[in-house]
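Here is how the chains run, residue by residue.
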Amino acid sequence: KTLNPAYNVTNLTGNTAYLLDIRAVNRVGAGDACEFQITTAPCEPDPPSKPWVDEKRDSSFNVKWHPPEQDGGFPVTHYRIRMRKIVGITQWNRLAGVNDQGAIWSDMGSVPASGREQEGPSVYS
């Protein structure tokens, strides 16, 4: 017998509301429910959509994407852009000789999220 019963609720999803129902039970049966709602802490946003090339030139290209479906509980503030060159691929030889050894990700910079994304409602704002 414990003075302060406790139960560890696990396997929850971040930024999700849950309703809990707790009842005391004895030989006669279960008593009335004590219900309460709790929301888990924010988490990382979903990935953005698959990017596409909007415009390309000889030495540059513009990439676009759609925002993630779920922001994780806080509005997306910016996108971090990284890139790596795939060694062994040319426009004439797209598959043969692909080699990830020595391929290094380079931070290209960041892009601010649109104002609409930053203004979105959030459980924690």
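It should be emphasised that the depicted structure is a prediction, and the values quoted were computed from it without experimental measurement.

As a further point, take the pattern of salt bridges. Under the criterion given, the structure shown has three salt bridges. A salt bridge links D54 to K64; the nearest nitrogen and oxygen atoms lie 3.5 Å apart. Residue D54 is located in strand 5 (residues 52-56), and its partner K64 is located in strand 6 (residues 61-64); the two are separated by 10 residues in the primary sequence. Among the residues examined, D54 registers a relative accessible area of 41% and is labelled partly exposed.

Further remarks concern the packing of aromatic side chains. Counted by the stated rule, this structure contains one aromatic pair. On the basis of an interplanar angle of 70 degrees and a centroid distance of 5.3 Å, the ring pair of W65 and Y79 is categorised as edge-to-face. Taken together, the residues span a long stretch of sequence, with W65 in the loop between strand 6 and strand 7 (78-83) and Y79 in strand 7 at a distance of 14 residues. Accessibility expressed as a relative area gives 23% for W65, which makes it partly exposed.

Definitions and cut-offs
Residues numbered from 1 in each chain as written. Predicted model: local features only at pLDDT ≥ 70, side-chain atom pairs only at ≥ 80, totals over all residues. Heavy atoms only, no water. Salt bridge = Lys/Arg side-chain N within 4 Å of Asp/Glu carboxyl O. Helix = DSSP H or I, 4+ residues; strand = E, 2+ residues; numbered from the N terminus. Buried < 20%, exposed > 50% of the residue type's maximum accessible area, 1.4 Å probe, protein only. Phe/Tyr/Trp six-rings, centres within 6.5 Å; stacked < 30°, edge-to-face > 60°.

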